[in-house]
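Overview (structure and organization)
Okay, here's what each chain looks like letter by letter:
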Amino acid sequence: MDYDNFNKFIKGPVIDLREATFCDPWFISMVCLLAIERKNDPKKELLLPVSEDVKNYLKRIHFDIFMKEIGYEKFVRELGNINMVERENTNVYEITHSLASDDFNARLTKIRTMFKNFGMNSQDDINRATVLVSELGNNVFDHNLGLWPTDVRGAIIVGQNYPKLKKIEMVVADSGVGFKKSLQLRNPNLNDVEAIKLGLQGITGRVGENRGNGLKLIQDWTINKFNGIVKIQSGSGLVIVDKDGVRSRTVNKILGTLASFVVIYN
Amino acid sequence: MQKFGNILNSRQSGREAFLRAVQIVNGSSVFEEIILDFSGVEVLTPSFADEFLHLLKDKYQNRIINLENTESATVKEILQSIKNESKRQ
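**Re unusual backbone geometry**
Residue and element names in this part refer to chain A.
- Non-glycine residue His62 carries a positive phi angle of around 65°.
- Counting through the fold element by element, His62 comes out in the loop between α2 (52-60) and α3 (63-69).
- With 20 C-beta atoms packed within 10 Å, His62 lands in the buried category.

**Details of the nonpolar core**
- Membership of the largest hydrophobic core comes to 90 residues, with the highest contact counts inside it found for A:Ile28, A:Cys32 and A:Val172.
- Tallying contributions element by element places helix α1 (residues 25-38) of chain A first for this core, with 9 residues.

**What to know about the confidence of the model for chain B**
All names here are of chain B.
- Residue-level pLDDT values for chain B average 92, and 98% of them are 70 or greater.
- Across chain B, element-level confidence peaks in strand β1 (residues 7-8) with a mean pLDDT of 98 and bottoms out in helix α3 (residues 73-88) with 88.
- Per the prediction output, this complex has pTM 0.95; the corresponding ipTM is 0.94.

**Some details on the interface of chain B and chain A**
- The partner chain A presents 18 residues to the 18 residues of chain B that form the contact.
- Sorting the residues of the side of chain B that touches chain A by element identifies α1 (11-26), α2 (46-59) and α3 of chain B as the ones contributing at least two each.

**A short note on the sheet that holds strand β4 (residues 92-98) of chain A**
All names here are of chain A.
- Within the open sheet, the 7 strands sit side by side as β4-β5-β6-β10-β7-β8-β9. Their pairing is antiparallel. Every other strand in the sheet has two partners, leaving β4 and β9 (245-250) as the edge strands with one partner each. Pairs of neighbouring strands in the sheet enclose a mean axial angle of 10°, with direction left out of account.
- As paired elements, strand β5 (residues 155-162) and strand β6 (residues 167-174) share 7 bridges and run antiparallel to each other. Across the sheet, Val158 pairs through a bridge with Val171, a residue of β6.
- Strands in contact with α1 are β4, β5, β6 and β10 (257-264); relative to β6, the strand with the most contacts, it is inclined by about 10°.
- Sitting on the sheet, helix α9 (residues 213-224) is in contact with β7 (229-234), β8 (237-242) and β10, with an inclination near 140° to β7.

Basis of the calculations
Residues numbered from 1 in each chain as written. Chains lettered and ligands numbered in written order. Predicted model: local features only at pLDDT ≥ 70, side-chain atom pairs only at ≥ 80, totals over all residues. Helix = DSSP H or I, 4+ residues; strand = E, 2+ residues; numbered from the N terminus. Buried ≥ 20, exposed ≤ 12 C-beta atoms within 10 Å, placed from the backbone. Core = buried A, V, L, I, M, F, W, Y, C linked by C-beta atoms within 7 Å. pLDDT = per-residue confidence, 0-100. Contact = placed C-beta atoms within 7 Å. Pairing = 2+ DSSP bridges. Axes fitted to C-alpha atoms, helices over the stretch in contact; angles between N-to-C directions.

Structure follows, in structure tokens:
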């Protein structure tokens, strides 16, 4: 994902994907958050990619179902006409939108099975990867409780297996308050990058409560058990952590948070 | 612990499980120690474990709490992580 080029897809209320030639879970999740942000704008538009391959991928990953749910039905009608045998591509975890914590919890059994079906052999790794998704999802609900800025609440989950590379990318996105606002009670002067970095160190906005281990553990396991990468964008901050250390930068602002991990298996 | 599920996740579930565990302890005729048997638990998350164990330890400060059958990777590693965190605080 080229962060600097993402601008070309955004023209005010219009999300213009016509030039998109590649899609991955991060890109899809980013578009979902951008669409939520614009959903009540009367001038909103969503222009689908010209590339048939990308359109097929969007259909496979149930992009049209999610977009209908948030009021973009007329813009994704074309995807409804694509006939597809989904079992021919079992390397995706389609966009799921868990509105509540219980709903998310109920999906974990399926997510665990998904890791196995993707080709993870080690039962321990399957269970660890399930914990990674669980903690990212738990954060969505725990840190936005009572604070959701829009009427689209919950966790959006998307995943992709790259079987030749033995690599899985999972993204958990939410249109919530983000790291900065979540940590404002503790420190009102943080910028987005600083807030994400503090969150990754186990500092939590839930002052006085015994919390914060989740993100530390996500980093530890992703890097040390899977030789993987943790990537978080919240507001205008982007932080990437892998075995080479922590890299951060300021990027185009989004509503809410994108949190992802990439794991290498077997 | 398996009675609470083989995937133990979320703080809310940890809190509910704690409340049920208190009922079980209160209903015991002989109360010498608390044994948490993790056999059959395949996935334990930090959120559940943190909530459940801290509440239990706060409630039964003077009692022995033994953890058994913690061989599953996530159970073992999460419990170790919470133990290390408690030592740091």
